[in-house]
Amino acid sequence: MLLAIDVGNTRIKVAVFEKDSLLWRDVFRKEEAGKKIEKIFEKFPEIENSVFSSVGQPDESVVNRLAQNSKLTVISSETHFPFDNKYETPKTLGVDRMVLASGATLLYPDQNRLVIDAGTCITYDFINAENQYLGGAISPGFRLRYESLHNYTAKLPLLTLEQPEGFIGNSTKQSIHSGVVNGIVNEIEGFVSRYHEQYQHLTVILTGGDAEFLAENIKNTIFANSNFLLESLNHLHNYISDND
Ligand SMILES: Nc1ncnc2c1ncn2[C@@H]1O[C@H](COP(=O)(O)OP(=O)(O)OP(=O)(O)O)[C@@H](O)[C@H]1O
Ligand SMILES: CC(C)(CO)[C@@H](O)C(=O)NCCC(=O)O
Ligand SMILES: [K+]
């Protein structure tokens, strides 16, 4: 049994896997990590292994706690990934993006893949059929867009994610919702079309905290899976174990 921990920019996501099946998952704030992780080991005493990845500097107390209770694998830029990294600055590439690229490589073999992660940031990661990671894009996610419109203007209110009533925003609120939601939807559809022009056969995977909301709004054929990063951690852990 494996415990996978993904420390994002805002929240921590954890899942327990038995082979390829996800048994249980949870999401919590960073301050709660210590207590929550202790509880997970109590709930699942069968956990032997854990795999940890963090977009920021890993929290030492969390890492120590995991290492005390299980055989721990920490994913970093030193990890042996299943793709060939062609990024010009591989040392600055986000660990979360490398985990997503690993999952896409292992789960969708021999094809061009685009992973879109809609979380705090929206990231685009492209791996070609030759398993070369070429890069992608980074843009602000829903919450960042709503917050920056409020924080950097004199009059715009702070709103939270809501489906706009139409394309033409007919009030301040509706204009903001249209700008943020239709902006992101058009951005994603635009990127997917551009990749499609260059790569006819393309598998698109959509994940992150806002994936479900987005899946309902996007035209193109995509695989939406909110747990893709956690599942990628599980598969990457198996890959590392098999190749040691
Ligand atoms: N309680 C919550 N706190 C923050 N964001 C939330 C919450 N519930 C839903 N969301 C939505 O999830 C998005 C953040 O996604 P996610 O949880 O994947 O981000 P994250 O933890 O920062 O992870 P990552 O860094 O991998 O993007 C926000 O844009 C917001 O719309
Ligand atoms: C882009 C984020 C913030 C998305 O979580 C993260 O992957 C990150 O900090 N990346 C470093 C920059 C890069 O990926 O090139
Ligand atoms: K993200």
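Residues numbered from 1 in each chain as written. Chains lettered and ligands numbered in written order. Predicted model: local features only at pLDDT ≥ 70, side-chain atom pairs only at ≥ 80, totals over all residues. Heavy atoms only, no water.

### As for the domain arrangement of the protein
(1) Moving on: With domains assigned, the protein is organised as domain 1 (2-74) and domain 2 (84-233).
(2) Moving on: Using only C-alpha atoms to locate each centre, domain 1 and domain 2 end up separated by 25 Å.
(3) Moving on: Facing the 16 residues of domain 1 at the interface are 11 residues of domain 2.
(4) Moving on: Of the roughly 1100 Å² buried where domain 1 meets domain 2, counting both sides, 65% is carbon and sulfur surface.
(5) Moving on: On the surface where domain 1 and domain 2 come into contact, there are zero salt bridges.
(6) Moving on: Taken together, the elements giving at least two residues each to the side of domain 1 that touches domain 2 come down to strand E1 (2-7), strand E2 (11-18), strand E3 (21-29) and strand E4 (49-54).
(7) Moving on: No other element matches the five residues that E2 contributes to the side of domain 1 that touches domain 2. (Domains from an automatic or database assignment. Contact = heavy atoms within 4.5 Å. Buried area = accessible area lost by both parts, 1.4 Å probe. Salt bridge = Lys/Arg side-chain N within 4 Å of Asp/Glu carboxyl O. Helix = DSSP H or I, 4+ residues; strand = E, 2+ residues; numbered from the N terminus.)

### Focus: the sheet that holds strand E10 (residues 202-207)
(1) Moving on: Overall, mixed pairing links the six strands, which are arranged E6-E9-E8-E7-E10-E11 in an open sheet. This sheet does not close on itself; its edge strands, each paired only once, are strand E6 (84-85) and strand E11 (223-224).
(2) Moving on: Bridge analysis of E6 against strand E9 (residues 132-140) gives two bridges, and the strand direction is parallel. Within E9, the position partnered with Asn85 by the bridge is Tyr133. (Pairing = 2+ DSSP bridges.)

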